[in-house]
Amino acid sequence: MPHWLSSVLGELRRDRLATAAVTIVMTYLLAALLAPWIAPGDPNSQDVVGRLQGPFWDQGGALAHPLGTDALGQDLLSRVIYGARASLLIGFLVVLVAGTFGTVLGVVAGYRGGRTDQIISRITDIQTAFPGLLLALTILAVIGPGETNLVIVFAINGWMVYCRTARSQTLSIREQPYIEAARAAGSRQRTIIFGHIIPNLASTLVTLATLELARIILAESVLSFLGVGVQTPSVSWGLMIADAETYMTTNPWLTFVPGAALAVLVLAMNVVASWVRTIADPVQRSRESIARA
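None of the values given here were measured: they were computed from a predicted structure. (Residues numbered from 1 in each chain as written. Predicted model: local features only at pLDDT ≥ 70, side-chain atom pairs only at ≥ 80, totals over all residues. Heavy atoms only, no water.)

A. Spatial organisation of the environment of P258. Within the fold, P258 resides in helix α12 (residues 253–280). The buried category is assigned to P258, whose relative accessible area is 0%. If we ignore the near neighbours within four places in the chain, the residues touching P258 are W237, M240, I241 and W253. (Helix = DSSP H or I, 4+ residues; strand = E, 2+ residues; numbered from the N terminus. Buried < 20%, exposed > 50% of the residue type's maximum accessible area, 1.4 Å probe, protein only. Contact = heavy atoms within 4.5 Å.)

Okay, here's the thing in structure tokens:
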């Protein structure tokens, strides 16, 4: 096992809360990847005769549908598992696209400075001035709902935070002696940016990406609840909550199950992000070691 991996696992074992959060996130990821094999059935399979069955612990519930069924007789457990698949896929694609684009722009702005930095910074400021949710609703109203359009909208609306973070870190890193040595050795600007600066941003960017992934998953659920996100027959937690709104008082598990799945995942990812920030920051790690001692 590589030394860095054994060190990370050692830090994880010492933090019970982080261990629980990582376990939860990994469980969601595995459930999303293995959905066709572990889901009890087709999430869109309808059974009107068995509609609105309660969870197995409720009166009238059955183990055939452990979390109950919705108004169309669709199995809630299957829909929750496939909902995780949609939310995580959208989240990862947005983080990949927005993170790559924003990081490269931020590093270029911070490293080159001058007019390039001013232009990129002003564009970032203008984009940030628009309310994120309102901008997303406006764009989706024009181009239409759907998973692909959600990725486009969230990427357009999310690259700025990576750009600002990468720029601020690059302004500090470019003054380090090893960057000066690379310049003196005749390294090209592209080599310095991609070979020296971006690798030193990895820990900060991983923490930021984890936080942004949680934010995107939550935002996707909000837009799907409002009817401009994921559309039927695809499954989304926000869409499930919207469909169950009518039955909130009579059959509360229809909203509780997807809402709890969403809340647990977002909370776990925020805990994981906090833990990543701790182990990636030498000062914070020293403080944690002193506190444990």
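B. Up close: the packing of helix α2 (residues 16–33) against helix α4 (residues 76–112). Between α2 and α4, the shortest axis-to-axis distance is 8 Å and the interhelical angle comes to 105°. Accordingly, the angle class assigned to the pair α2 and α4 is roughly perpendicular. Contacts between α2 and α4 involve Y28, L29, A31, A32 and L33 from the first element and I81, A84, R85, L88 and F92 from the second. Of the residues in the contact of α2 with α4, the class split is nine nonpolar, no polar and one charged. (Axes fitted to C-alpha atoms, helices over the stretch in contact; angles between N-to-C directions. Parallel < 35°, antiparallel > 145°, perpendicular 65-115°, else oblique. Nonpolar A, V, L, I, M, F, W, Y, C, P; charged D, E, K, R; others polar.)

C. The pattern of salt bridges, seen in detail. The tally for this structure, following the rule as stated, stands at five salt bridges. Across the pair R122 and D125 runs a salt bridge whose closest N-O atoms are separated by 2.9 Å. Pair noted here: R122 and D125 are both in helix α5 (residues 114–129), with a separation of three residues, about one helical turn. With relative accessibility at 29%, the residue D125 sits in the partly exposed group. (Salt bridge = Lys/Arg side-chain N within 4 Å of Asp/Glu carboxyl O.)

D. Examining the side chain of T255 more closely. By secondary structure assignment, the location of T255 is in helix α12. On the accessibility criterion, T255 (14% relative accessible area) is buried. A distance of 3.0 Å separates the side chain of T255 from the backbone oxygen of P252, its partner in a polar contact. Once residues within four sequence positions are removed from consideration, T255 is found in contact with I241, A244 and M248. (Polar contact = N/O pair within 3.5 Å; in protein donor to acceptor, adjacent residues only side chain to side chain.)

E. Layout of the packing of helix α6 (residues 132–143) against helix α7 (residues 147–173). The N-to-C vectors of α6 and α7 enclose an angle of 145°; their axes lie 10 Å apart at closest approach. Where α6 crosses over α7, the handedness of that crossing is right-handed. On α7, the residues touching G132, L133, L135, A136, I139, L140 and I143 of α6 are N149, L150, V153 and N157. Class assignment for the residues of the contact of α6 with α7 results in eight nonpolar, three polar and no charged. (Left-handed = near helix turned anticlockwise from the far one by under 90°.)

F. View of the environment of S87. Of note, S87 is situated in helix α4. For S87, a relative accessible area of 0% puts it in the buried group.

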